[in-house]
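# Remarks on the overall topology
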Amino acid sequence: MNRETGSAEFGTVIILFFLSSVTASSLLFFSAAAAYFRRSVNEEAELVRTTGLIGEITEALQPLKDHPCDYRNNPLLSELVLRYASLNLDIRDVSSGYRLDFLSDEELENPLLRNYLFTDAASFTGLRENRGLSPDRETWRSFVKDSAWDACVSYGWLNLSRGNSFALRYVKRNMGEDELFPLVNRLPMMNINMIKAEAAEPLIMTPGFGVKNPAEKMETLREVLRRGPVSRGDLSALLELPGDSKIFSCLGVKTAFWEIRFTTLPGFYAKAILAAIPESAESETIREYRLIERSMGREP
């Protein structure tokens, strides 16, 4: 999925020579060709440098796996942003929310969730059945309420608790039973510290999760999140639910996918996606953050 700029092929250069000879003098032509080659060499060098920076930042992010929870002002993230301030480094959570393709059959039938997310849940389901899983949330745009759009994400793992989901049936059919990890694991769907509290409300208010006095709990959660991040123990205590409650397959405190963005030369950008890889399919302990996607080059 990389979009990397590089040196032009020899044939392309010949065409440029021909076109230049029709419209410019020989002196101007050779000057333009020299400038073109200089730019090409410079961009090759910038690609090499940028690739190295992506690897460097990925390595620097690894200690985050040992932090009990992730949140926006985490000292490690703040230190990284400061260290690479000259690159305008931006690090953001891109997985805390609803990856609609991965919702279970029960979740799609949940009236609270349907009402929060969809303008037309039936049409979304029909599209999904016809097209399969989509890698980009933009595919769903026409089916999602404006108020819920920011709560929808393109990245996410498929939680093992969603055994009755279209997504799990789809990946088993196309990948086989033995090739599901790490796509299928126990990491929760969203980091409560990285979302607006309203995004969690349909889940907390769902009777099947067993939250007592859910409206009261929601108000408490809003207030707690305004004061700062919560740990997994905090969340369990606040909701008055045991740590193995099914709601914690949805609500957690660690981020599964990070996006890093930065610029080097003016107009030259880099973007990378880092995925939290758990120790095993049954574990919520993160083993590493792995580079799974990158793109770099000049802005169009």
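Residues numbered from 1 in each chain as written. Predicted model: local features only at pLDDT ≥ 70, side-chain atom pairs only at ≥ 80, totals over all residues. Heavy atoms only, no water.

For the rest of this paragraph, the subject is the overall build of the chain. Secondary structure summary: the chain contains 10 helices and eight strands in total. Relative to its 300 residues, the chain shows a buried fraction of 46%. For the chain, contacts bridging at least 24 residues in sequence account for 67% of all contacts bridging at least 6. Only carbon and sulfur atoms are counted for the fraction: they give 54% of the accessible area of the chain, which is about 15300 Å². (Helix = DSSP H or I, 4+ residues; strand = E, 2+ residues; numbered from the N terminus. Buried < 20%, exposed > 50% of the residue type's maximum accessible area, 1.4 Å probe, protein only. Contact = heavy atoms within 4.5 Å. Areas by Shrake-Rupley, 256 points an atom, 1.4 Å probe, with all protein chains shown as cover.)

With that settled, the discussion passes to the sheet that holds strand β6 (residues 257-263). With antiparallel pairing, four strands are arranged side by side in an open sheet as β1-β6-β7-β8. The sheet is open, and its two borders are formed by β1 (90-93) and β8 (286-298), each paired with just one other strand. Strand after strand, the sheet turns through a mean of 20° between neighbouring axes, direction not considered. Pairing analysis gives 11 bridges linking strand β7 (residues 268-278) to β8, with the strands arranged antiparallel. Across the sheet, residue Pro278 finds its bridge partner in β8, namely Ile286. (Pairing = 2+ DSSP bridges. Axes fitted to C-alpha atoms, helices over the stretch in contact; angles between N-to-C directions.)

With that settled, consider helix α9 (residues 214-227). The terminal C-alpha atoms of α9, which comprises 14 residues, lie 20 Å apart, in line with the 20 Å expected from a rise of 1.5 Å per residue. Contact partners of the buried residues in α9: α8 (197-204) and α10 (232-239). Positioned one or two residues after α9, Gly228 has a phi angle of 160°, which is positive. (Expected span 1.5 Å × (residues − 1).)

Where α8 meets α9, the closest approach of the two axes is 10 Å, and the angle between their N-to-C directions is 155°. Between α8 and α9, the angle falls in the class roughly antiparallel. Helix-helix and strand crossings are classified by hand; for α8 and α9 the assignment is right-handed. In this structure, α8 contributes Ala197, Glu198, Ala200, Glu201 and Ile204 to the contact, and α9 contributes Pro214, Met218, Leu221, Arg222 and Leu225. Here the contact of α8 with α9 is composed, by residue class, of seven nonpolar, no polar and three charged. (Parallel < 35°, antiparallel > 145°, perpendicular 65-115°, else oblique. Left-handed = near helix turned anticlockwise from the far one by under 90°. Nonpolar A, V, L, I, M, F, W, Y, C, P; charged D, E, K, R; others polar.)

Here the focus is the pattern of salt bridges. This structure, assessed with the given rule, holds 19 salt bridges. Of the charged contacts in the structure, one is a salt bridge between Glu109 and Arg114, with a shortest N-O distance of 3.9 Å. Given the relative accessible area of 58%, Glu109 is considered exposed. Across the pair Arg186 and Glu282 runs a salt bridge whose closest N-O atoms are separated by 3.1 Å. A residue pair is termed long-range when its members are at least 10 positions apart, and Arg186 in the loop between β3 (184-185) and β4 (190-191) and Glu282 in the loop between β7 and β8 qualify at 96 residues. Judged by its relative accessible area of 29%, Arg186 falls in the partly exposed class. Take Glu282: its relative accessible area is 56%, and that puts it in the exposed class. (Salt bridge = Lys/Arg side-chain N within 4 Å of Asp/Glu carboxyl O.)

Within the fold, Ser154 resides in the loop between α6 (121-131) and β2 (158-159). Ser154 gets classed as buried once you look at its relative accessible area, which sits at 15%.

Of all seven residues in β6, five are buried, a share of seventy percent or more. Across seven bridges, β6 lies against β7 in antiparallel orientation. Of the residues in β7, the one forming a bridge with Phe262 is Ala270. Where β6 hands over to β7, the hairpin turn is made up of four residues, of which Gly267 adopts a positive phi near 85°.

Helical geometry: 3.6 residues make up each α-helical turn, so side chains three or four residues apart lie on a common side. Listing the buried residues of α10 in full gives Leu235, Ser236, Leu238 and Leu239. Along the axis of α10, the buried residues cluster in a sector spanning 165°; they form a single face. Looking at the residues trailing α10, positive phi occurs at Glu240, about 55°. (Arc of directions from axis to C-beta.)

Here we come to the packing of aromatic side chains. Under the definition given, this model contains seven aromatic pairs. Measuring from centroid to centroid gives 6.4 Å for Phe124 and Trp140, while their planes differ by 90°, and the two rings are edge-to-face. Here Phe124 is found in helix α6, whereas its partner Trp140 is found in the loop between α6 and β2, with 16 residues between them in sequence. For the pair Phe124 and Trp140, one class covers both residues: buried. Centroid distance Tyr155 to Phe257: 5.8 Å. Interplanar angle 35°. Geometry classified as tilted. (Phe/Tyr/Trp six-rings, centres within 6.5 Å; stacked < 30°, edge-to-face > 60°.)

Do not read the fine detail of predicted coordinates wherever pLDDT is low. The predicted model of the chain averages 86 in pLDDT, with 86% of residues at 70 or higher. Predicted confidence in the chain is weakest over helix α1 (residues 10-23), with a mean pLDDT of 34, and strongest over β1, with 98. Segment residues 1-38 is flagged for pLDDT under 50; beyond a separation of four residues in sequence, or across chains, it makes 36 contacts in the model. (pLDDT = per-residue confidence, 0-100.)

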